[in-house]
2 protein chains.
Amino acid sequence: VAREETLEVPEGVAPPTIEQRFLGRVVSVTPAGDGRYAAIIDYPVEALREGPAQLLNVLYGNISLLGGVRLIDVALPADRPVVAGLSGPRHGIGGIRAAAQAREGRALVCVAIKPMGLTADELARLAERLVRSGVDLVKDDHGLTDQGPAPFALRLGRVSEAVARANAHAGTSGVYVPNITAGPAETLARAREAVRAGCRGVLVAPSLAGVGVLGELARMEPAPFVMAHPTHAPCAPEGREGIAPEVLLGTLWRAAGADAVIFPNAGGRFDWPWACCREIHRRLRRPTEGIHPAFPVPGGGIDAGRVAFWAARYGPDTIFLVGGSLLAHTDLDAAARAVVAAVRLAHTGTA
Amino acid sequence: VAREETLEVPEGVAPPTIEQRFLGRVVSVTPAGDGRYAAIIDYPVEALREGPAQLLNVLYGNISLLGGVRLIDVALPADRPVVAGLSGPRHGIGGIRAAAQAREGRALVCVAIKPMGLTADELARLAERLVRSGVDLVKDDHGLTDQGPAPFALRLGRVSEAVARANAHAGTSGVYVPNITAGPAETLARAREAVRAGCRGVLVAPSLAGVGVLGELARMEPAPFVMAHPTHAPCAPEGREGIAPEVLLGTLWRAAGADAVIFPNAGGRFDWPWACCREIHRRLRRPTEGIHPAFPVPGGGIDAGRVAFWAARYGPDTIFLVGGSLLAHTDLDAAARAVVAAVRLAHTGTA
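Note that the structure is predicted; figures quoted are calculated from it, not measured.

Chemist: Mind showing me how you'd approach the overall build of chain A here?
Modeler: Each helix and strand counted, chain A has 14 helices and 12 strands in total. Relative to its length of 351 residues, chain A is compact, with a C-alpha radius of gyration of 21 Å against a globular reference of 20 Å. Considered along the principal axes of its C-alpha atoms, chain A spans approximately 70 × 40 × 35 Å. A total of 351 residues make up chain A; the buried ones form 61% of that total. For chain A, the share of sequence-separated contacts (at least 6 apart) that also reach a separation of at least 24 residues comes to 69%. A total accessible area of about 12400 Å² is found for chain A, and carbon and sulfur atoms account for 52% of it. If you average the places of the 36 positive and of the 35 negative side-chain charges in chain A, the two averages end up 6 Å apart.

Below, the structure is given as structure tokens:
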């Protein structure tokens, strides 16, 4: 693994100076039970230089093609700027709070507008009702791209207008976060369109759009905040291959530039272990020299009726993503208001 | 899975017309042994519309976050243009043959220049010797990005010049294929730089740069041919999760726009099953209405001494990627000439 991910030539081909400078160094190999072994490999920073794509290329590149090899942890160099392009979130928790005018000490509520198949106007009406009910962030479902009934440009315009209208009417500060995931040029073009339309944030799936999109969006001027969606990420919990979820979503995506990271909540449709969710939540927020903390966004299984329970467990530096269970309520407005109230009550003592 | 990958709302939330038009439909569920089940799901083309990123988002999106779910096959609609952005390779096998002046009926030889740590001039000298020895394609190792000793722009210039010099001197038609994998804007910028420098092809890793890069490169004017590298692809053979290699590398990357696809050869460092390699090789080339065939590029375990064996097995519509084992020879020029001769002899009866 250490050789495959760096020099990729048999021993003896590279001059000794290069072997010394660029070859991954095996620090230890320890039996880990069930016939598996835990290896610690020290990769030279010079091999990682370039940004998030090359970082993943070294940490979990060709070895994704091998059975039974999993990346279970990573420690990034404390002197992070040496690994170019890993400068972390542009906005982070503080920036998203400012965009949504959500003061410290309270969690935020995010609702996805969906399903695909609704027209741009139908999605806009949904967004308007949610914002008027006090929802902080209204995001596109990650399956909304450029489909017929709600093509990107039309959806962006209609939903942005509806959210602005709702804010003006209700005195709220709801933020619309459109999904920009597509091919590379198209993704960046949509980000620019979104900013022009007044959006403060965008949603992107790094495993589909390419992980380097996080850093490039963070360097845009002006830069929207970036909410990262885990679709297609190679991190099924307890898989034999792939990347441990807390490593990819908690450590690497934050370092790469995500301001907020969505992950499947424990007990939901994906049934991720609570310990894993808690660790993602911790890694996104933990003090790390020189980079902002990112907002953890548990979702995919936050029932509207259980949001108070999760608010107590995760604490205030969290965005709760409530989706399908809310949309299933017959009185959407009342249900949304109840979720918003429950989340505020949990941390501030007042709804 | 069918609901998660399309509507992503509980039953009853979406109006019946939308359930009918956009929901994945479970065709069958069959026991597949070991407590597993094989399910066939029919996804509506309207849900896939947009391009390769959305195609993967529906075929293997959120379900990558579930343990034990694997995508084992896909049948794309015969009327492919309805799935926008799946127009296949721009150049395909014929285009790469034309670029390298390699007539039909013979296989091609590709050698990776590496390792990282060599300077741009050292890599250029290596490329020059390989081209003078008759190697058709000289590609960057996928670990060469923008590192200190051979930053992209300098490497591109030096290696391009060296290959042009070798061609002029030896009457060959060697092609340099630089690695452009980075963040989205940077990847496309490097592709344009490569074209300006006279490169006929580029190397990109779709799982790092984002799969949509294949379609966007295919639509560039002028468009380089695109060689796709599998690093970080979620396709360990026989994994419990992920995507079967022949599906991602053989069917989807070709449909998305790859002109040539690298995959780990049987018996090599990755030890992929021969049946899997043969199937990737077949899928890349099989006649498919409206799209070009793509070049299969077995590598990662093609020993210079065994290339004749593999040439006989794979046949002439193949690019043989020979790397480390060639660079390990004390007389690189003689070893490269021997590989080129062996491959030509295998199909044309003359070296």
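Moving on from the model shown.
Chemist: Help me out: how do you make sense of a nonpolar patch on the surface in this one?
Modeler: Together, Val 26, Val 29 and Tyr 37 of chain A line one region of the surface with nonpolar side chains, adding up to about 330 Å² of accessible area. Mapped onto the elements, Tyr 37 of chain A comes out in strand β2 (residues 37-42).

Chemist: I tried to follow the packing of aromatic side chains on my own but got confused; where do I start?
Modeler: Within this structure, the stated rule accounts for 12 aromatic pairs over all chains. Judged by centre distance (6.2 Å) and plane angle (70°), the ring pair of Phe 263 of chain B and Tyr 314 of chain B falls under edge-to-face. Of this pair, Phe 263 of chain B sits in strand β10 (residues 260-264) while Tyr 314 of chain B is found in helix α12 (residues 307-314), placing the two residues 51 residues apart along the sequence. Like Tyr 314 of chain B, Phe 263 of chain B is buried. Ring pairs connect the aromatic residues Phe 263, Trp 274, Phe 309, Trp 310, Tyr 314 and Phe 320 of chain A, which therefore count as one cluster. Geometry around Phe 309 of chain A places Arg 306 of chain A over its ring, the cationic atom sitting 4.2 Å from the centre.

Chemist: Whenever I open this one, the relation of the copies chain A and chain B confuses me. Can you help?
Modeler: Put simply, the second copy of the chain is the first one after a rotation about an axis and a shift along it. Between chain A and chain B, the superposition needs a rotation of 180° and an axial shift of 0.0 Å, giving an RMSD of 0.0 Å. As the rotation angle and translation indicate, the two copies are arranged about a two-fold axis. Across chain A, the smallest distance between a C-alpha and the rotation axis is recorded for Gly 210 of chain A, namely 1.9 Å. A shared interface surface links the copies, since 99% of the contact residues of chain A are contact residues in chain B too.

Chemist: Looking at this structure, I do not really get helix α10 (residues 245-256) of chain B. What am I missing?
Modeler: Owing to its 3.6 residues per turn, the α-helix brings residues three or four apart onto one side. Residues and elements named next belong to chain B. For α10, a buried count of 12 out of 12 residues is recorded, marking the element as mostly surrounded by other parts of the structure. The complete set of buried residues in α10 reads Pro 245, Glu 246, Val 247, Leu 248, Leu 249, Gly 250, Thr 251, Leu 252, Trp 253, Arg 254, Ala 255 and Ala 256. One or two residues past the end of α10 sits Gly 257, with phi positive at roughly 130°.

Chemist: Looking at this model, I keep getting lost on the packing of helix α5 (residues 120-132) of chain A against helix α6 (residues 152-170) of chain A. Mind explaining?
Modeler: Residues and elements named next belong to chain A. At a minimum axis separation of 8 Å, α5 and α6 run at an interaxial angle of 25°. Here α5 is positioned roughly parallel relative to α6, judged by the angle of their axes. Regarding α5 and α6, the two cross each other, and that crossing is right-handed. Seen from α5, the contacting residues are Ala 120, Asp 121, Leu 123, Ala 124, Ala 127, Glu 128, Val 131 and Arg 132; seen from α6, they are Leu 154, Arg 155, Arg 158, Val 159, Ala 162, Val 163, Arg 165, Ala 166, Asn 167, His 169 and Ala 170.

Chemist: Which parts of the structure should I look at to understand the sheet that holds strand β4 (residues 108-113) of chain A?
Modeler: To summarise the sheet geometry, strands pair through backbone hydrogen bonds and adopt either a parallel or an antiparallel arrangement. Residues and elements named next belong to chain A. Read from one edge of the open sheet, 4 strands run β6-β5-β4-β12, paired in parallel fashion. Where the open sheet ends on each side, the last strands, each with one partner, are β6 (175-177) and β12 (319-322). In this sheet, neighbouring strand axes are inclined to one another by 25° on average, regardless of whether the strands run parallel or antiparallel. Bridging between strand β5 (residues 137-140) and β6 involves 3 bridges; their strand directions are parallel. Pairing of Leu 137 across the sheet is with Val 175, part of β6. Most of the contacts of helix α4 (residues 92-100) go to β4, to which it runs at about 75°, and overall it touches β4, β5, β6 and β12.

Chemist: Is there a simple way to explain the pattern of salt bridges in this structure?
Modeler: Oppositely charged side chains can pair when the atoms bearing their charge come close. Per the counting criterion, the structure on display carries 40 salt bridges over all chains. Here Lys 114 of chain B and Glu 8 of chain A are joined by a salt bridge, their closest N and O atoms 3.7 Å apart. With Lys 114 of chain B in the loop between β4 (108-113) and α5 (120-132) and Glu 8 of chain A in the segment before α1 (16-22), the pair connects residues from two separate chains. Exposure remark for Lys 114 of chain B: the relative accessible area of 5% places this residue in the buried category. Notably, a salt bridge pairs Arg 3 of chain B with Glu 19 of chain B, separated by 3.1 Å at the nearest N-O pair. One end of the pair, Arg 3 of chain B, is in the segment before α1 (16-22); the other, Glu 19 of chain B, is in helix α1, and 16 residues separate them in sequence. Overall, Glu 19 of chain B belongs to the buried group, its relative accessible area being 17%.

Chemist: What is the right way to read the interface of chain A and chain B from this model?
Modeler: You'll often see interface size given as the accessible area lost when the parts meet. Contact with chain A, which involves 74 residues of that partner, is made by 73 residues of chain B. In total, about 5900 Å² of surface goes out of reach between chain A and chain B, with carbon and sulfur atoms giving 61% of it. If you sort the residues of chain A by the area they bury against chain B, Leu 65, Met 116 and His 232 of chain A come out on top, with a joint share of 12%. Across the contact surface, chain A and chain B share 8 salt bridges.

Chemist: Even after reading the chapter, I still don't get the pairing of β4 of chain B, so can you show me in this structure?
Modeler: On a regular strand, one side chain projects to one face of the sheet and the next to the other, so that they alternate. Residues and elements named next belong to chain B. By the criterion of burial, β4 is predominantly enclosed, with 6 of the 6 residues buried. The alternating pattern of β4 places Leu 108, Cys 110 and Ala 112 on one face and Val 109, Val 111 and Ile 113 on the opposite face, and all of these are buried. The pairing of β4 with strand β12 (residues 319-322) spans 4 bridges and is parallel. Its bridge partner lying in β12, Cys 110 is registered against Leu 321. Note: β4 against strand β5 (residues 137-140), 4 bridges, orientation parallel. Counterpart to Ile 113 in the pairing with β5 is Asp 140. Crossover connection from β4 via α5 to parallel β5: handedness right-handed.

Each value, and the rule that gives it
- Residues numbered from 1 in each chain as written.
- Chains lettered and ligands numbered in written order.
- Predicted model: local features only at pLDDT ≥ 70, side-chain atom pairs only at ≥ 80, totals over all residues.
- Heavy atoms only, no water.
- Helix = DSSP H or I, 4+ residues; strand = E, 2+ residues; numbered from the N terminus.
- Rg over C-alpha atoms; globule rule 2.2 N^0.38 Å.
- Buried < 20%, exposed > 50% of the residue type's maximum accessible area, 1.4 Å probe, protein only.
- Contact = heavy atoms within 4.5 Å.
- Areas by Shrake-Rupley, 256 points an atom, 1.4 Å probe, with all protein chains shown as cover.
- Lys, Arg positive; Asp, Glu negative; His and termini not counted.
- Charge placed at Lys NZ, Arg CZ, Asp CG, Glu CD.
- Patch = residues over 30% accessible without salt bridge, like charges linked within 9 Å, V, L, I, M, F, W, Y side chains within 5 Å.
- Salt bridge = Lys/Arg side-chain N within 4 Å of Asp/Glu carboxyl O.
- Phe/Tyr/Trp six-rings, centres within 6.5 Å; stacked < 30°, edge-to-face > 60°.
- Lys NZ or Arg CZ within 6 Å of the ring centre and 35° of its normal.
- Least-squares fit on C-alpha atoms with pLDDT ≥ 70 in both.
- Axes fitted to C-alpha atoms, helices over the stretch in contact; angles between N-to-C directions.
- Parallel < 35°, antiparallel > 145°, perpendicular 65-115°, else oblique.
- Left-handed = near helix turned anticlockwise from the far one by under 90°.
- Pairing = 2+ DSSP bridges.
- Buried area = accessible area lost by both parts, 1.4 Å probe.
- Right-handed = clockwise from strand over helix to strand, strands pointing away.

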